[in-house]
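Chain residues, written in single-letter form:
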Amino acid sequence: MYSSHRCFYFLCVVLAAAQPVHAADASKPVSFINDIAPILKEKCFGCHGAKNPKGKLDMTRYANLRKGGTKEDPIIPGNPEDSYLITVLTATDKKRMPPKESGAPLPSQQIELIERWIQQGAPLDAGIKPDADLLRELRLRWTPPPPPAAYPYPVTVTALAFTPDSKKIVVSGHHELTIWDIFRDKLEKRIYTRARRAMAMVFLPDGKLAVAGGRPGEEGDVRLYDLNGGTDRRNVRPTEVVVLDGVHDKRVMVKQLLDADDEVLCLALSADGKKLASGGCDRLVHVWDLSGGYDHIKELPPIENHADWVFGIAFTPDGKRLATASRDKTAKLWDIDAKESILTFPNHQNPVYGVAIKADGTVGYSVGEDNQLRAWTAAAEGKQIRASGGHGRVILKLVAHPKQPLLATCSADQTVRLWNADNGSLVRTLSGHHDYVYAVAISPDGNLIASGAFDGEVRIWKIKDGSLVKAFNASPGLKTVQK
Ligand code: HEC
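Residues numbered from 1 in each chain as written. Predicted model: local features only at pLDDT ≥ 70, side-chain atom pairs only at ≥ 80, totals over all residues.

**Details of the overall build of the protein chain**
Piece 1. Looking only at helices and strands, the protein chain has six helices and 30 strands in total.
Piece 2. Here the C-alpha atoms of the protein chain give a radius of gyration of 24 Å, agreeing with the 23 Å that 2.2 N^0.38 yields for 483 residues.
Piece 3. With the C-alpha coordinates aligned to their principal axes, the bounding extent of the protein chain is approximately 75 × 60 × 45 Å.
Piece 4. Relative to its full complement of 483 residues, the protein chain shows a buried share of 43%.
Piece 5. Restricting to contacts in the protein chain with at least 6 residues of sequence separation, those with at least 24 account for 50%. (Helix = DSSP H or I, 4+ residues; strand = E, 2+ residues; numbered from the N terminus. Rg over C-alpha atoms; globule rule 2.2 N^0.38 Å. Buried ≥ 20, exposed ≤ 12 C-beta atoms within 10 Å, placed from the backbone. Contact = placed C-beta atoms within 7 Å.)

**Let's talk about the domain arrangement of the protein chain**
Piece 1. Domain boundaries in the protein chain define domain 1 (10–141) and domain 2 (160–473).
Piece 2. Between domain 1 and domain 2, the C-alpha centre-to-centre distance is 39 Å. (Domains from an automatic or database assignment.)

**A closer look at the sheet that holds strand β7 (residues 219–225)**
Piece 1. Overall, antiparallel pairing links the four strands, which are arranged β5-β6-β7-β9 in an open sheet. Among the strands making up the open sheet, the edge pair consists of β5 (197–203) and β9 (253–260). Strand-to-strand twist of the sheet, defined as the mean angle between neighbouring strand axes without regard to direction, takes the value 20°.
Piece 2. Bridge count for strand β6 (residues 209–215) against β7 is seven bridges, and the pairing is antiparallel. The residue of β7 that forms the bridge with Leu209 is Tyr225. (Pairing = 2+ DSSP bridges. Axes fitted to C-alpha atoms, helices over the stretch in contact; angles between N-to-C directions.)

**Side note on the sheet that holds strand β19 (residues 352–357)**
Piece 1. The antiparallel open sheet is built from four strands, whose spatial order is β19-β20-β21-β22. Every other strand in the sheet has two partners, leaving β19 and β22 (384–388) as the edge strands with one partner each. Between one strand axis and the next, the sheet turns through 20° on average, direction left out of account.

**Observations regarding the site of the ligand**
Piece 1. Every one of the 22 residues lining the ligand counts as a neighbour, but Cys44, Cys47, Gly55, Gly69 and Met97 are closest to it.
Piece 2. When its residues are assigned to classes, the shell around the ligand shows 12 nonpolar, seven polar and three charged. (Near = placed C-beta within 6 Å. Nonpolar A, V, L, I, M, F, W, Y, C, P; charged D, E, K, R; others polar.)

**Regarding helix α5 (residues 108–119)**
Piece 1. Taking 1.5 Å of rise per residue, the 12 residues of α5 would be expected to cover 16 Å, and the 16 Å separating its terminal C-alpha atoms lies within 8% of that figure.
Piece 2. Restricting attention to buried positions, one finds in α5 the residues Ile114, Arg116, Trp117 and Ile118.
Piece 3. Looking at the buried residues of α5, the elements they touch are α2 (32–43) and α4 (84–90).
Piece 4. Among the residues trailing α5, Gly121 stands out with phi positive, at a value near 105°. (Expected span 1.5 Å × (residues − 1).)

**Some words on α2**
The periodicity of an α-helix, 3.6 residues per turn, causes residues three or four places apart in sequence to face the same way.
Piece 1. Phe32, Ile36, Ala37 and Lys43 are the residues of α2 that are buried. Angularly, the buried residues of α2 cover 145° about the axis, an arc narrow enough to put them on a single face. Opposite the buried face of α2, by more than 90 degrees, sit the exposed residues Asn34 and Glu42.
Piece 2. Buried-residue contacts for α2 involve α3 (62–67), α5 and α6 (134–140). (Arc of directions from axis to C-beta.)

**Side note on unusual backbone geometry**
Piece 1. The omega angle of the peptide bond from Met97 to Pro98 is -10°, so this bond is cis rather than trans.
Piece 2. Along the chain, Pro98 falls in the loop between α4 and α5.
Piece 3. For Asn52, which is not a glycine, the phi torsion comes out positive at approximately 45°.
Piece 4. Within the element layout of this structure, Asn52 appears in the loop between α2 and α3.
Piece 5. Residues other than glycine seldom take positive phi values, yet Gln414 does so here, at roughly 75°.
Piece 6. Relative to the helices and strands, Gln414 resides in the loop between β24 (406–411) and β25 (416–420).

**Here's the deal with the nonpolar core**
Piece 1. Grouped together as the largest cluster of nonpolar side chains are 104 residues, with contacts concentrated most on Leu160, Ile169, Met201, Leu265, Leu267 and Ile313.
Piece 2. Apart from the residues within four sequence positions on either side, Leu160 is in contact with Ile169, Val170, Val171, Ala439, Ala441, Ala450 and Gly452.
Piece 3. In this structure, Phe32, Leu57, Trp117 and Leu135 belong to the second largest nonpolar core, which totals 20 residues. (Core = buried A, V, L, I, M, F, W, Y, C linked by C-beta atoms within 7 Å.)

Below is the structure:
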């Protein structure tokens, strides 16, 4: 459901066209990490990854590749003809890799390149340990492109956060975060990020912004940003937009908490501000203890029990338990210290995208692919209390009001809805979006609600009467909005 950014395809086409052709230069040393590992990653890691590799051959570490699987080392240095790796790449029978059902044979230039590398002795590049995780090594060598100065296409809004003073809003962009002044009608700052998109954001008690996100299928991260750190790289006039480099400037990107092989999708902060938690495509729940201050953040051992991506996360008010929502069609409640799931709520019978907990900790709420907002007892066996219908399509996010018994949902039906948390009745429907609404946030003062859509539009309403405060497209410099 989270489709990749449209600009991304454009960039890929440009980059693919710029790839150098190696075949012509037979004497040039072939680099394993720069030339070979990217091919293996794209064409082989899917079946020959670290977990349950086919033929017991894990290719994600050089040492494991050279160990071989059910057979011996598939590489004979200096002798490509007799190397089993080349045998399977050039086979025309059922030995061929990748197997016929899963794709075309490798292009001849790629096979020649691998042959040349084996001819040259199949060396590993200096500075890389034989048992280094190649996915991680490839990530280290990847540099993010700068975001577009002016967006050729609208950027999908996947995450939103009000600043602690409730006067500004931070919006996810393409390799950046943008900060908009709600009341002065102005794009104020752009912060470049390594992540292609942010999927969740929360402000920590010290004012730093924790951001979770990544590149789908490639990498995921949780990083802390100081939105007032660093200096602009230009002389800023009052009307100008401040640009901060959250990729390289350590005063802006002040800490990295997590480096993962796929996107991180959700974040939650405990009510006392002492614990931060994340969930993502690797099915893991990570928890950090922030109580020692930001220089002494401690990561607790990750919790694993969901069978699929973790889309949503929320702390109980005492900070001792976590509720999660997963693509495995369940919501769960966890004891953080015991690292055990206390209850599983199965009633959605469809992927669950969002979760929240009542202020007194007794009731859990969850939403998902079944268009329902469900309430369940956050104790014992997790019995359903009620289901509230109304959204015409998938409900993508759920947030709880910080002060009142109110819940907000956003949906592919292009609406945002406010619900009474105590009885599940609909309080208000906020309409006006023209596309899937992916993100919703409530201001810390409890007065405003913001939503962001697939077409880049952000809308901000007053909670008390549903009146529109502001609507804008959060794609800087966008000329024409394509619908
Ligand atoms: C769709 C899944 C799939 C993909 C993609 C795939 N393989 Fe395989 N591979 C297999 C399976 C299944 C086996 C086990 C075959 C057997 O035991 O008969 C295997 C076995 C092998 C072996 C023998 C391992 C051993 O020690 O027994 C080699 C070498 C190999 N693959 C190389 C590759 C390379 C190189 C690529 C990428 C170009 C690749 N494979 C992509 C499924 C895959």
